[in-house]
Amino acid sequence: MSLCELTAHVLHEKLKAREITAVELTESVYARIVEVEPHVKGYLTLTKELALEQANRADTGFQNGDDMPALAGIPIAIKDVICTQGVRTTCASKILETFVPPYDATVMTKLHEQGIVMLGKTNMDEFAMGSSTENSAYQITHNPWDLDAIPGGSSGGSAAVVSADTAICSLGSDTGGSIRQPAALCGVVGMKPTYGRVSRYGLVAFASSLDQIGPFTKDVTDCALILNAICGSDAMDATSVDVHVPDFTQSLINDVKGLKIGIPKEYFTEALDAEIADRVHTAIAVLESVGATVEEISLPHTEYAIATYYIIAPAEASANLARYDGVRYGYRNESPEDLIDMYKRTRSEAFGEEVKRRIMIGTFALSAGYQDAYYRKAQKARTLIKSDFDAAFEKVDVIATPTSPTPAFKIGERTADPLQMYLSDVMTTPASHAGLPGISVPCGFVESGLPVGLQLLGAPFAEEKVLRVAYTFEQNTDHHRQKPPIVTDGGVS
Amino acid sequence: MEEYEIVIGLEIHAELCTESKLFCNCAYTFGASANDCTCPICLGMPGTLPVVNRRAVEFAVRAGLAMGCEITASSKFDRKNYFYPDLPKNYQISQYDIPLCQSGQVTFEFEGEPRTVALRRIHLEEDAGKSIHAEVTGDPTRSFMDFNRAGVPLLEIVSEPELHSPAEAIAYCRAVKEILEYIEVSDCNMEEGSLRCEPNLSLRPKGSKELGTRTEIKNKNSFQELIEAMEYEVRRQARILDAGEEVVQETLLFDASTGKTVAMRGKEEADDYRYFPEPDLVHVQISGEWVKEIQPTLPELPAARRERFISDYDISPENAEFLTSTRPIAEFFDEAARRSGEPTTCANWIMGDLTRLLNTAEIEIQDAKVTPAHLNELIHLIADATISGKIAKSVLDDAFETGKMPKEIVAEKGLAQITDTSEIEAIVLQVVEDNPGPAQDYRDGTKKAIGFLVGQVMRATRGKANPQLVNQILTRVLSTE
Ligand SMILES: [Zn+2]
């Protein structure tokens, strides 16, 4: 097995025992990148020189016998929506093609304190708007399990690179499912922590009240390690919450006896792919077989989640993206007739179709005369969706659902139909509205060989319970150990 | 021609003099090089977030309490969306439907009568940067931006439309300015733009209850311009109404060079600001305990202090006005009056010689080396006849220059009055001998001739002889000889 195929916690033991060096590990990942990245296209920017410097520094620490953090020397990829000081951060948009932030996001500062090796910046839907990563202004990312299929989105690059072993772990961002859905579609672990758990400072905003940073990993243990590194309140983010951050590795207990798992009936409709329904039911049966209590629950306002999401998120986005005007940084049309023309041309030329569509939807939803019917009504619906969950968590510890209603679809299959595309988020947006922690773990494969994800949701700040159930599931199955054919065939399929 | 009643309301924007901006740690200094007082947050760079400066909230609460407002226990910030190059995020973080302070009132004196104007609200928002155009750069093909002021906390104080003349509106603005200066939350420097008064003005037929269509006037940097702008606007609207036409609701810009207002933007282009709650911030919580902590730190406000000076110190209303014109002057006077027990004398010294010295030196009272302790000592030196009033003036000059205490100056320069009668008598006899003419005139009944002789004695003692003693001795000497 190449080093690039291993998990962070296994690699940490090897680094600590000085069986391997961080430089060897980093070289192994870059060798894999040379091999498969031309087919996967998960990265927008690679920072090999910087990575080797960081690996060297970690090696010095290990050689000196220092007490090195769990992520020291671990090669990690970063979604290109997270600001990285001195490294181009484009949000996969033409409008930020040349933008190099003079500051690090808080999560980057925290990861650098751990001594990580940053591999590069990953592809995504422009400004995190999309469910397939096809909205990138630069490239299409391919699903390592089927190069003709999308990897999911918007954090498709971050999911694909972990799946393809071109990164050990990665960071993504989840607004309406942008971590969980691509994790499911690429057969990796992906977690969105509770809203407020992780600082958003330096995360380029799409929808501020929903955005949250989280990890993609090869197993639940690595997920806990990254959470340990990135969680915590931040003086730079007023919406980060000052609650105790536990050692999440303490939740890695292979035991769910006494835990109640709720199965919301609203998620198992005819729209759900039959094979997905089957794999998820099988997964729930596994949890039941090892001692969990399973009961059906109802989340009655689930059906409004998508409509609500596609008002609130664009409304906030319409303001968040107003700053890209060509005045201070980023793309600017150089031959405008006047100021208004500069705004119009700059934004028309450098934003993609989906971004423009959402800015228009959001601007409309906030307009005088329409705000009550759209934005305010959506806020009310959001409150109802949240109270559904509050009531449910009175009765159960964790809620289990499919992560995505379908497996990865073919590239280009849904680009012509935005509504069809928006339905990809039907399983993930409700928890986003409620700010809940949610994880997607691999729970099997459909006939065609594409992975299926099991979504586990917890009450706010109940990450520990979610991790415990996920870990128990993982310990009793081997889906997470499966590698895409692109790996097992020793070459590109 | 119809007689109109003028109806004016005011929006006053005051920049708060907090150490840092409203949502970041940048310090703002007026006149700093362009964009020197900026950081990624106030430049609206991608991924940056605002965090509310508690100090700015405290300042707003101070202002609210000083103006009798209700302090909102849980208020929120909202985004006000509009595109303008001086606005880094193309939205301004402001407060829409739940401002920090609600209702309230400002009381001031107008034409000798007390007036109270109700406030609608006071809220906090961030200031914008400024564009630098061809008139500064000489390059008509491009404009530059200076974001130093972007993000500076602004207090917006909105009055009800209860003012009925430009002069009354100015009196109200002065009262608000005075309060803000007194509670030390704003420099209120109109020329530097830290205080901006924007009137909205309409006319209605006398006796009518309905409000006429109003116009808003922007961008004035002195009370002089503000009053000219309002007076012009009153005449302009009256002409329109007289002609049977309708006033258009619009925002006007006053051009001081022409003395006219010109339309900035009309209602047909009225912006839809698409306000919505700022998702990057949580509600601003102001506990009753916090308000209770802030309340006692408020100084006595000018109106109350004026009243107290008149009643406790027996100061005339005009003098009380002068002595409360700034908080440092009022505090100087208050302390000097308390120490010396001679409020009238203190007032005379402060309004007379001390003000003259301050004006010449072009400094403010709080920056002077002379303190209430100096004034107190000086007054006592006069009272116990150590020095004369005239010598006291020169002692004050000296103290103003050096900061030395009056007693020290008197001792160093030997300025103490001669009160030894035998010493004075010797000089008197010498003066009478040297000036037989005036001495004879006095004896012949020309009593005022004594003035000359007193002058000669004072000259001979370089002003140090006690004038009362000189007078007594001279009178005795002249009548006995
Ligand atoms: Zn700043």
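What counts as what
As a convention, each chain's residues are numbered from 1 in the sequence order in which they are written. Labels are handed out in written order, letters beginning with A for the chains and numbers beginning with 1 for the ligands. Since the coordinates come from a predicted model, pLDDT governs what is reported: local features require at least 70, and pairs of side-chain atoms require 80 or more to be given and counted, while whole-chain, interface and lining totals use all residues. By the criteria applied, helices consist of DSSP H or I runs no shorter than four residues and strands consist of E runs no shorter than two, each listed in order from the N terminus. Residues with at least 20 other C-beta atoms within 10 Å of their own are called buried, those with 12 or fewer are called exposed, and the rest are partly exposed. The C-beta atoms themselves are positioned from the backbone. This entry defines residue contacts through backbone-placed C-beta atoms, with two residues in contact when those atoms are within 7 Å. C-alpha atoms define the radius of gyration in this analysis, and the globule rule sets the expected value at 2.2 Å times the number of residues to the power 0.38. The domain limits used here are those given by an automatic or database domain assignment. We call Asp, Glu, Lys and Arg charged. Ala, Val, Leu, Ile, Met, Phe, Trp, Tyr, Cys and Pro are nonpolar, and the rest, Gly among them, are polar. Nonpolar cores are built from buried Ala, Val, Leu, Ile, Met, Phe, Trp, Tyr and Cys residues. These are joined into a set through C-beta atoms within 7 Å. Each axis is a line fitted through C-alpha atoms, and for a helix only the stretch in contact is used; angles between axes span 0 to 180 degrees, taken between their N-to-C directions. Here roughly perpendicular refers to angles of 65 to 115 degrees, roughly parallel to angles under 35, roughly antiparallel to angles over 145, and oblique to all remaining angles. For any pair of crossing helices, the crossing counts as left-handed if the nearer helix is rotated counterclockwise from the farther one by less than a right angle, and right-handed if it is rotated clockwise. By definition, two strands form a pair when at least two bridges between them are found by DSSP. Any helix carries an expected span of 1.5 Å times its number of residues minus one. Values of pLDDT, which run from 0 to 100, indicate the predictor's confidence residue by residue. By definition, the crossover connecting two strands over a helix is right-handed if that path, from the first strand to the second, turns clockwise as seen with the strands pointing away from the viewer.

Caption draft 1: Quick peek at the overall build of chain A. Secondary structure assignment for chain A yields 16 helices and 11 strands. Counting only C-alpha atoms and orienting by the principal axes, one finds that chain A spans roughly 65 × 50 × 45 Å. Sorting the 493 residues of chain A into buried and exposed places 61% on the buried side. For chain A, contacts bridging at least 24 residues in sequence account for 77% of all contacts bridging at least 6.

Caption draft 2: Region of interest: the overall build of chain B. Scanning chain B from terminus to terminus reveals 16 helices and 17 strands. At 31 Å, chain B has a C-alpha radius of gyration far larger than the 23 Å of a compact globule built from 481 residues. Across its three principal axes, chain B shows a C-alpha extent of roughly 100 × 60 × 55 Å. Among the 481 residues that make up chain B, the fraction classed as buried is 39%.

Caption draft 3: Up close: the domain arrangement of chain B. Once the domains are mapped, chain B shows domain 1 (4–290), domain 2 (300–413) and domain 3 (421–480). Using C-alpha coordinates to define each centre, domain 1 of chain B is positioned 69 Å away from domain 3 of chain B.

Caption draft 4: Highlighting the interface of chain A and chain B. Each partner contributes to the interface: chain A provides 34 residues, whereas chain B provides 24 residues. For the side of chain A that touches chain B, the secondary structure elements donating two or more residues are helix H9 (305–320), helix H10 (339–350) and helix H11 (353–366) of chain A. The leading source of residues in the side of chain A that touches chain B is H9(A), at three residues. Split into classes, the residues belonging to the side of chain A that touches chain B amount to 22 nonpolar, six polar and six charged.

Caption draft 5: Main features of the domain arrangement of chain A. Residue and element names in this part refer to chain A. Assigned domains of chain A: these are domain 1 (3–265 + 391–488) and domain 2 (323–380). Of note, the centres of domain 1 and domain 2, computed from C-alpha atoms alone, are 29 Å apart. The residue makeup of the side of domain 1 that touches domain 2, split by class, is seven nonpolar, three polar and three charged.

Caption draft 6: Representation of the nonpolar core. In terms of nonpolar packing, the biggest core is built from 220 residues, with A:Ile76 and B:Ala60 touching the most fellow members. Once residues within four sequence positions are removed from consideration, A:Ile76 is found in contact with A:Leu111, A:Ile116, A:Val117, A:Met118, A:Leu119, A:Ala167, A:Ile168, A:Cys169, A:Ser170 and A:Leu171.

Caption draft 7: Summary view of the packing of helix H11 (residues 389–402) of chain B against helix H12 (residues 406–413) of chain B. Residues and elements named next belong to chain B. Relative orientation of the contacting elements H11 and H12 amounts to 110°, with a least axis distance of 9 Å. With respect to their mutual orientation, H11 and H12 come out roughly perpendicular. Pair H11 / H12 crosses with right-handed handedness. Contacts between H11 and H12 involve Val395, Asp398 and Ala399 from the first element and Pro406, Ile409 and Val410 from the second.

Caption draft 8: Quick peek at the sheet that holds strand S8 (residues 293–297) of chain A. Residue and element names in this part refer to chain A. Ordered in space as S1-S3-S2-S4-S6-S5-S10-S11-S9-S7-S8, the 11 strands form an open sheet in which the pairing is mixed. This sheet does not close on itself; its edge strands, each paired only once, are strand S1 (43–46) and S8. Mean inter-strand twist for the sheet, computed between neighbouring axes without regard to direction, equals 30°. As defined by bridge partners, strand S10 (residues 438–445) adjoins strand S11 (residues 451–458) across six bridges and the pair is classed as antiparallel. Along S11, the bridge assignment pairs isoleucine 439 with leucine 456. Packed onto the sheet, helix H8 (residues 274–289) meets strand S7 (260–264), S8, strand S9 (398–402), S10 and S11 and runs at close to 105° relative to S10.

Caption draft 9: Region of interest: helix H8 (residues 327–340) of chain B. Residues and elements named next belong to chain B. In this model H8 runs 20 Å from its N-terminal to its C-terminal C-alpha over 14 residues, within 8% of the 20 Å that 1.5 Å per residue would give. Every buried residue of H8 is accounted for by Arg327, Ile329, Ala330, Phe332, Phe333, Asp334, Ala336, Ala337 and Ser340. Close packing links the buried residues of H8 with helix H3 (166–182), helix H6 (302–313), helix H7 (317–323), helix H9 (343–361) and helix H10 (372–383). A positive backbone phi angle near 70° is found at glycine 341, which sits one or two residues after H8.

Caption draft 10: Here's a closer look at the confidence of the model for chain B. Averaged over chain B, the pLDDT score is 91; the fraction of residues at 70 or greater is 98%. In the model output, the complex is listed with pTM 0.88 alongside ipTM 0.96.

Caption draft 11: Local environment of the pairing of strand S2 (residues 75–79) of chain A. Residues and elements named next belong to chain A. Judged by how many residues are buried, S2 sits mostly within the fold: five of five residues are covered. In this structure, S2 lies alongside strand S3 (residues 117–122), joined through five bridges in parallel fashion. From the neighbouring strand, proline 75 faces S3, where its bridge partner is valine 117. Regarding topology, helix H4 (residues 106–114) serves as the crossover connection from S2 to the parallel S3, and that connection is right-handed.

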